[in-house]
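Each chain, letter by letter, is given below.
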Amino acid sequence: MSERPVRTRFAPSPTGLLHVGGARTALFNWIYARKKAGTFVLRIEDTDHTRNTEEAKQVILDGLHWLGLDWDEGPQKGGNYGPYYQSERGAIYEEYLARLEKAGHLYEDNGAIRFRSPREKVIVDDEICGKIEFDLTNPGTHPDLTLRRPDGSWIFHFVSVVDDIEMKISHVIRGEDHLSNTPKHVELYKALGAEPPRFAHMPLILNRDGSKMSKRDEGAALGTYPEAGYAPEAVRNYLSLLGWSPKENREIISTEEVVALFELDQVNRRNAAFDLDKCFWINGQYLLSMDLARYAELAIPFLQKAGITWPTWEALEKVLTIIKPKVKLLKDLPEWVACFFTEEFPYDEAAVAKSLVGTHAAERLQALSEAYATLPTWDAVSLEASLKETTAKLGIKTGEMVHPARVAVSGRGIGPGLYEMIEILGKDRTLARFAKGIEKAQAA
RNA sequence: GGCGCGUUCGUCUAGUCGGUUAGGACACAGCCCUCUCAAGGCUGGCGCACGGGUUCGAAUCCCGUACGCGCUACCA
């Protein structure tokens, strides 16, 4: 096998969504290219005119951009082997078809053009699956490939092989669903006088119950991840672990490390079930340990979308710092931070009923309010000390004061540490909300 | 049906040269911590598909069976 520069490719067809399985295929191709200091090519297989829309193409580009899988050649980027849309490569296909015709490999069948198989045994030496022998001698079980339909449109097998030759692809890393057709592709390469690339067929991604993932299965469409507020680095981490492992019991691993450790022959052969729970957990781990600048970068679009505004970066920074360990999905962020930047935040009825109404909340908040009103220093430590002093004086447990105070101040029964919240809110807003809480408590 | 690939806790996996109390993680249960919810810590239950071989010894090698997935398109 000659040493060729590594060139991998992701060749999706625009179906209207980027499937997680496709996203992982793209990721592994990208990882391998990066590892080998090679080139990652994006090619859009849009030969099916009926569902070939601008939006469908954009979904793919958006998905790859979001995941951080930048391509070296392809749409929006160009390259020496374009065009990168199959719909624009008709002349090239004509030329290759003519070559096969001239060599006598083709015949017509009801208007369609077919490739006459040499009818031999073909060994596919797969990087992941190993050497596999296919016996193509029986036309009954392995029919000749159709290359072109009577209406002139092209069939995937043919254009895919032609493009991989033309684009000098060295490694075809794709889903295992293509494995059985690979020997026929190999015959095509040989008929065209081209050396086949190295093949690597990866296991498929299935649902938890082993069934195929369809569009509407939860987590199947990559577009739902940015919407839900997953961090792309977390999703990359999760996808890397599907069919591959860094060993040493590592679960959280950066893309850089994956690139360093990745080997094609270490990829599993077994189909993997998709587990959104684990992806969710990994995302939580990333959000937890993420530096604030990155966190804010991801968080701000969700706040803007919810119409939340903040006076200064410093103010936002303080709030995000205490909220960060709480929120697992960025889409939930607005409801956690709203109370810091507006007086119009909602009060959770259940929490109000539980901690304010029909309790001693009014008199307790009144006592705390008085203590806080004269507090010389307004910081979490002082606030805690003062609250505990007050509860001791009243002869009640800390929690009996904290819960009503939390609901009064944030409208919710759960949240970050109470003292940290109150410190950020400041004396005026805190006392005003205590007063409002007392009102609510007495209203019942 | 034919051909191909696969089978370690519910799920992702470690286990690559046969000898491990079969390890980790998610999820689940319990406990600790605690102002809530998380996070964190600890503990627990849960697995080598089945049957034959080979061997002193098999999750690991061989054969068979079952099951799953893929291909078998003028889909990609």
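Residues numbered from 1 in each chain as written. Chains lettered and ligands numbered in written order. Predicted model: local features only at pLDDT ≥ 70, side-chain atom pairs only at ≥ 80, totals over all residues. Heavy atoms only, no water.

Q: Which parts of the structure should I look at to understand the protein's contact with RNA strand B?
A: Of all residues adjacent to RNA strand B, which total 60 residues, the nearest are Arg149, Pro150, Gly243, Arg270 and Lys326. Taking the atoms of RNA strand B that fall within 4 Å of the protein, sugar and phosphate contribute 69% of them. Gly243 is positioned with one of its backbone polar atoms (N or O) 2.5 Å from a phosphate oxygen of RNA strand B. Between RNA strand B and the protein, one listed contact pairs a base nitrogen with a side-chain N or O atom of Asn249 at 3.0 Å. Looking at the surface near RNA strand B, the elements with two or more residues in it are β6 (130–135), α4 (156–166), β11 (272–273), α9 (276–289), α16 (398–410) and α17 (418–443). (Near = heavy atom within 4 Å. Polar contact = N/O pair within 3.5 Å; in protein donor to acceptor, adjacent residues only side chain to side chain. Helix = DSSP H or I, 4+ residues; strand = E, 2+ residues; numbered from the N terminus.)

Q: It is not clear to me how the layout of surface pockets should be interpreted in this structure. Could you clarify?
A: A probe matching the size of a water molecule, rolled over the atoms, marks out where space remains unfilled. Its boundaries defined by the atoms lining it, the largest pocket holds a volume of some 1,200 Å³. For the largest pocket, the lining is made up of 40 residues, of which Pro12, Ser13, Gly22, Asp177 and His178 are closest to its centre. The leading source of residues in the lining of the largest pocket is helix α1 (residues 20–35), at four residues. Across the lining of the largest pocket, the residue classes tally to 16 nonpolar, 14 polar and ten charged. (1 Å grid on protein atoms, 1.4 Å probe; cavity = no way out; pocket = protein on both sides within 12 Å on 5 of 7 lines; lining within 4 Å. Points joined across faces, edges and corners; volume = space filled by probe spheres on them. Nonpolar A, V, L, I, M, F, W, Y, C, P; charged D, E, K, R; others polar.)

Q: I tried to follow the sheet that holds strand β4 (residues 112–115) on my own but got confused; where do I start?
A: What holds strands together in a sheet is hydrogen bonding between their backbones, with the strands either parallel or antiparallel. Read across the sheet, three strands follow the order β3-β4-β7 without closing on themselves; strand pairing throughout is antiparallel. The two strands at the open ends of the sheet, each matched to only one other strand, are β3 (106–109) and β7 (146–148). Strand-to-strand twist in this sheet, taken as the mean axis angle between neighbours without regard to direction, amounts to 40°. Pairing between β4 and β7: two bridges, direction antiparallel. Each bridged residue has a counterpart across the sheet, and for Arg114 the counterpart in β7 is Thr146. (Pairing = 2+ DSSP bridges. Axes fitted to C-alpha atoms, helices over the stretch in contact; angles between N-to-C directions.)

Q: Could you clarify how one ought to interpret α1 in this entry?
A: Note: α-helices contain 3.6 residues per turn, so residues at a spacing of three or four share the same orientation. With 16 residues, α1 should reach 22 Å at 1.5 Å per residue; the first-to-last C-alpha distance of 22 Å fits that figure. The element α1 is extensively covered by neighbouring structure, given that 14 of its 16 residues are classed as buried. Ala37 sits one or two positions beyond α1 and adopts a positive phi of about 50°. (Expected span 1.5 Å × (residues − 1). Buried < 20%, exposed > 50% of the residue type's maximum accessible area, 1.4 Å probe, protein only.)

Q: Explain the nonpolar core here, please?
A: Membership of the largest hydrophobic core comes to 107 residues, with the highest contact counts inside it found for Leu64, Tyr295, Ile323, Leu333, Phe340, Tyr372 and Phe434. When neighbours within four sequence positions are excluded, Phe434 is seen to be in contact with Leu365, Leu368, Ser369, Tyr372, Ala405, Ala408, Val409 and Ile422. Formed by 32 residues, the second largest nonpolar core is a distinct cluster that contains Ile113, Val124, Leu147 and Ala194. (Core = buried A, V, L, I, M, F, W, Y, C linked by side-chain atoms within 4.5 Å. Contact = heavy atoms within 4.5 Å.)

Q: What is the right way to look at the environment of Pro83 in this model?
A: Note on placement: Pro83 falls in the loop between α2 (54–67) and α3 (90–102). Owing to a relative accessible area of 28%, Pro83 belongs among the partly exposed residues under this scheme. Sequence separation of Pro83 and Glu73 is ten residues, and the distance between their C-alpha atoms is 9.8 Å. Setting aside chain neighbours within four positions, we find Pro83 in contact with Glu88, Arg89 and Met167.

Q: Would you mind going over the side chain of Lys57 with me for this structure?
A: Its place among the elements puts Lys57 in helix α2. With a relative accessible area of 11%, Lys57 lands in the buried category. When sequence neighbours within four positions are dropped, the list of residues in contact with Lys57 reads Pro14, Ile44, Asp46, Asn52 and Tyr85.

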